Amino acid sequence: MVTVGLSILTAVQASGKEARLKPRLVVCTDIAPASIEPDDMESMVRLMAYADCFEIEALITTVGWNCDPYPQEWKQYLTRVIEAYRKDVTRLMARSGQKGFLPLEEENGKQVMDYWPSADYLTQRAVMGSVNGGIRAVGENNDSPGSDLLIRLADEDDPRPVYVAAWGGANTLAQAIWRVQQSRTEAEVKRFVSKFRIYTITDQDMAYNNRMNRQYSSHMWLRQAFKNDLQFIWDEGTWQEQCELGKRQWPLHQQHIQGRGALGSEYPTYKWGVEGDTPSFLYVMPNGLNDPEDPTQAGWAGYHERGVSPDSLTIAWNSWQEPLRSISVGYKQRFYPDELNDFMARMQWAAEGVGNHNPQVILRLQGKKTQKGGAPIVIQAKAGTVVRLDASRSEDADGDALSFLWWQQPEKQRVGEGTSGKPGTILLHIDGAGQEKASIRIPADAKGSQFHIICEVHDNGPFRLVAYRRVIIRVE
């Protein structure tokens, strides 16, 4: 393995580029043979194509609808994807100009955006989790390398949250919390749990035929016992739409994903739907569109609000009922072409070591300093004034021409007390919505309100790649 002595973080800082840390991601996957359930393999291939965007802290094999108990020999399918990544990663690294890998002990530290980890790093992070599913398996005899690793991750001196993407069951996380409860105070357990965020693709902590018995699942226990400490997103709707949209666009998958590099050779043909687990990490995707700390910010994983869960007993972030389901599915449909184009472009890099780069949105707001990066920008404005938004300094590494679109997320507004408007009634007019520069007049009666504006930028290169930046306007 080629290594580099200079810290990647130091190198990025020396180049003058912004050093952004990746979001921390854990995957709980019931990865299986393609003849049984190919979608986990599909989603794992996609995740590897985005390994520069996530600090992949753990890849935990665990139970799911089709495997309780989980056959330990199925872990070989996770290994196959990692080994395919090993073959393709040097070509993927060309996308960011990376020449080598950090020593393994440094890779185990904090990773910055655009850093491609070594396959050796991923291999040591691929561990077994709970073999048996449900709340009945949680307890004295259910510890695993996966639950042990989750405890170590939460105990690290790192302020970043740990996002758990549950492609199967998540009782490995439940086991980690149970184990911590045995030796720590209530306040310490609360701090431990609050380090995690979880996004579950339906509820798969059980056999498929038992899927409506919510009491069986450890997910219910997590929502009941830690309802105020654990951000829990229960996806019923977005993942199904991911499956259906993938089926409709399957010819593009065949042409631009399957067989493209070693990773593409591991991408199986769908059986039930395409990449049903992918929304769980698209939710955390640091593309500038949404902040995963706020599930109501629409993104590639749809839109979610806090309310009653499908079990009708617990509270979680979800979008399973109307009108929220249609809102979330609508965003999924809107963003899916860009999401798929982005993946296809990365698979070209995996196969050829060349390809298109995403543009970078750079904003100058109200005549103030240019804002780079991906986090939402918050600005203050006064009612009755004009807010001026300028994206003319946006860049494209390939020199491609850029097109611009400014739009408002209507669900994300708060109408101030004493105004004439009601929630959801103030739609702002954006002058220059299709131009580099836009202006918005804040209504005179919008005092105390809040609005979310998205700057969406496409290039005209191969696959017409996209970048976003969210602007939050708070009216004084």
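Quick look at the structure, then.

Reading the values: the criteria
Residues numbered from 1 in each chain as written. Predicted model: local features only at pLDDT ≥ 70, side-chain atom pairs only at ≥ 80, totals over all residues. Heavy atoms only, no water. Phe/Tyr/Trp six-rings, centres within 6.5 Å; stacked < 30°, edge-to-face > 60°. Helix = DSSP H or I, 4+ residues; strand = E, 2+ residues; numbered from the N terminus. Buried < 20%, exposed > 50% of the residue type's maximum accessible area, 1.4 Å probe, protein only. Salt bridge = Lys/Arg side-chain N within 4 Å of Asp/Glu carboxyl O. Pairing = 2+ DSSP bridges.

Tallied over the full model, the rule gives 13 aromatic pairs. Measuring from centroid to centroid gives 6.4 Å for Trp300 and Tyr468, while their planes differ by 85 degrees, and the two rings are edge-to-face. Here Tyr468 lies in strand 17 (residues 466-475) and Trp300 lies in the loop between helix 13 (279-282) and strand 7 (305-308), a separation of 168 residues in the sequence. Each member of the pair, Trp300 as well as Tyr468, carries the same accessibility label: buried. Here Phe335 and Tyr468 contribute two aromatic rings whose centre-to-centre distance is 6.1 Å and whose plane-to-plane angle is 80 degrees, an arrangement assigned as edge-to-face.

In this model, Asp68 is joined to Pro69 through a cis peptide bond whose omega is 10 degrees. Here Pro69 shows up in the loop between strand 2 (55-61) and helix 3 (75-93). With a phi close to 55 degrees, Glu275 is a non-glycine residue in the positive phi region. If you trace the backbone, Glu275 turns up in the loop between helix 12 (261-265) and helix 13.

Following the criterion strictly, the structure yields 27 salt bridges and no others. The closest approach of N and O atoms between Arg160 and Glu55, which form a salt bridge, is 2.9 Å. Of this pair, Arg160 sits in the loop between helix 6 (145-155) and strand 4 (162-166) while Glu55 sits in strand 2; the two residues are 105 residues apart in sequence, bridging distant segments of the chain. Taken as a pair, Arg160 and Glu55 share a single burial class, namely buried. Glu241 is the salt-bridge partner of Arg248, the closest N and O atoms lying 4.0 Å from each other. Residue Arg248 is classed as exposed on the basis of its relative accessible area, which comes to 55%. Among the residues examined, Glu241 registers a relative accessible area of 11% and is labelled buried. Connected through shared salt-bridge partners, Arg24, Glu55, Glu57, Arg125, Glu156, Asp158 and Arg160 make up one network.

Of all six residues in strand 1 (residues 24-29), six are buried; the element is thus mostly enclosed. Burial along strand 1 is two-sided: Arg24, Val26 and Cys28 facing one way and Leu25, Val27 and Thr29 facing the other are all buried. Bridging between strand 1 and strand 2 involves six bridges; their strand directions are parallel. Across the sheet, the residue bridging to Cys28 is Ile60, located in strand 2. As paired strands, strand 1 and strand 4 are joined by five bridges and run parallel to one another.

Scope: geometric values only; no functional claims are made or implied.
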